[in-house]
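Report on the structure
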Amino acid sequence: MNSPISDQKSNNQVIMKKLFYLTFIFALLATVAYGQKKRVAVVTFYVDKYIDANKIAAGSRQSTYEKTTEDDPRFDLRPILQDFHETFMKKYVKEFPFEIVPESEIINHPMYQAYRGMDGVEDQDSIDNLNEAIHDRFIAIDGYNVLLTGGNMLRSWRTESHLLKILEDVDIDGVLFVSLSYAWEPKIALGGLGNAGIRSYINMDLYNKDAKKVFKLDEFAISKKGVALVSGAPIFNYDKLLPMCANATDKLLDDLQKKLPKYVKKVDKNL
């Protein structure tokens, strides 16, 4: 016959075992939950051909804009965009504390393919003009739509909100907009004479499930190469312009690899 003390010890051992197993299960569940990365969809990936000319002479801006939007094979930004896209997918994504949804799940989604980000445009003429401007100005990686963030003061009517709704069956925790753009950058300018280069920009905007901005990355680099600046206007042709864009982009990609970790540091908390 067991003594009361023996029975108490036995009961304590059972309780301890149960507590141990419960603690183990909770720890395991926490580890699994922590180990599951959130999923983010890249919803646009494009380059802007419209090289910003706000820093050059006002009288030369229009002709500069028109020249960069012409469909001339000597000014083809596609190879630069494709290199940037490859670098992003092979290197940058490794820095993110979240998983990038396979591109095929996004660009092959029927509702994504049909979406143009034009909600709120009232008439067909406005839609036609917007379509024409997008076609002339922007180049996207094959399969992606050119989509600009925002579009309305009400969050529920903004582009990012629409995309989160469209892609809800893909099981995503956020949407990421990625783009590349350029601007003229006078390096030396005295009395309208000097030298001008190209400033390249990489823009990334990440939004969470509530369409709230998690981070905005806006980094730039200036080309080492340049052209003469006469009367405040750059003297250039396509053979000079494209290498400047490529040079500025190469510098930017190198710099961003080092700077990216600081941008994504608080992503987990806000995503």
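Presented here is an overview of the structure given in this document.

Reading guide: rules and limits
Residues numbered from 1 in each chain as written. Predicted model: local features only at pLDDT ≥ 70, side-chain atom pairs only at ≥ 80, totals over all residues. Heavy atoms only, no water. Helix = DSSP H or I, 4+ residues; strand = E, 2+ residues; numbered from the N terminus. Buried < 20%, exposed > 50% of the residue type's maximum accessible area, 1.4 Å probe, protein only. Contact = heavy atoms within 4.5 Å. Areas by Shrake-Rupley, 256 points an atom, 1.4 Å probe, with all protein chains shown as cover. Core = buried A, V, L, I, M, F, W, Y, C linked by side-chain atoms within 4.5 Å. Pairing = 2+ DSSP bridges. Arc of directions from axis to C-beta.

We now examine the overall build of the protein chain. On a plain count of helices and strands, the protein chain comes out with nine helices and eight strands. For the protein chain, with 271 residues in total, the buried portion stands at 41%. Counting only contacts in the protein chain whose residues sit at least 6 apart along the sequence, the fraction spanning at least 24 positions is 73%. In the structure as shown, the protein chain presents an accessible area of about 15700 Å², 53% of it carried by carbon and sulfur atoms.

Before going further, it helps to examine the environment of Pro 102. Tracing the chain through its elements places Pro 102 in the loop between strand S2 (99-100) and helix H4 (103-107). Judged by its relative accessible area of 36%, Pro 102 falls in the partly exposed class. C-alpha separation for the pair Pro 102 and Val 40, spaced 62 residues apart in sequence, amounts to 9.5 Å.

The subject of this paragraph is the nonpolar core. Membership of the largest hydrophobic core comes to 70 residues, with the highest contact counts inside it found for Phe 84, Phe 88, Phe 96, Trp 184 and Met 204. Examining the composition of this core, we find that eleven residues originate from one element, helix H8 (residues 238-264), more than from any other. When sequence neighbours within four positions are dropped, the list of residues in contact with Phe 88 reads Val 42, Phe 45, Val 93, Phe 96, Leu 176, Val 178 and Met 204.

Peptide bonds are trans in most cases, and residues, glycine excluded, mostly fall at negative phi. One non-glycine residue, Ala 211, adopts positive backbone phi at about 65°. Here Ala 211 is to be found in the loop between strand S5 (193-208) and strand S6 (213-222). Judged by relative accessible area, Ala 211 falls into the buried class, the value being 8%. At Ser 231, a residue that is not glycine, the phi angle is positive and equals roughly 55°. You can see Ser 231 is positioned in the loop between strand S7 (227-230) and strand S8 (233-234).

What follows is about the pairing of S6. Examined bridge by bridge, S5 and S6 share nine bridges and lie antiparallel to one another. Note that in S6 the partner of Tyr 201 across the bridge is Phe 220. Once S5 ends, the chain turns through four residues before running back antiparallel as S6, passing Ala 211 with a positive phi of about 65°.

With that settled, the discussion passes to helix H2 (residues 58-69). All of the buried residues along H2 are Ser 60, Thr 64, Tyr 65 and Thr 68. In a view along the axis of H2, the buried residues occupy a sector of 140°, so they form one face of it. In this structure, the buried residues of H2 make contact with strand S4 (174-190), S8 and H8.

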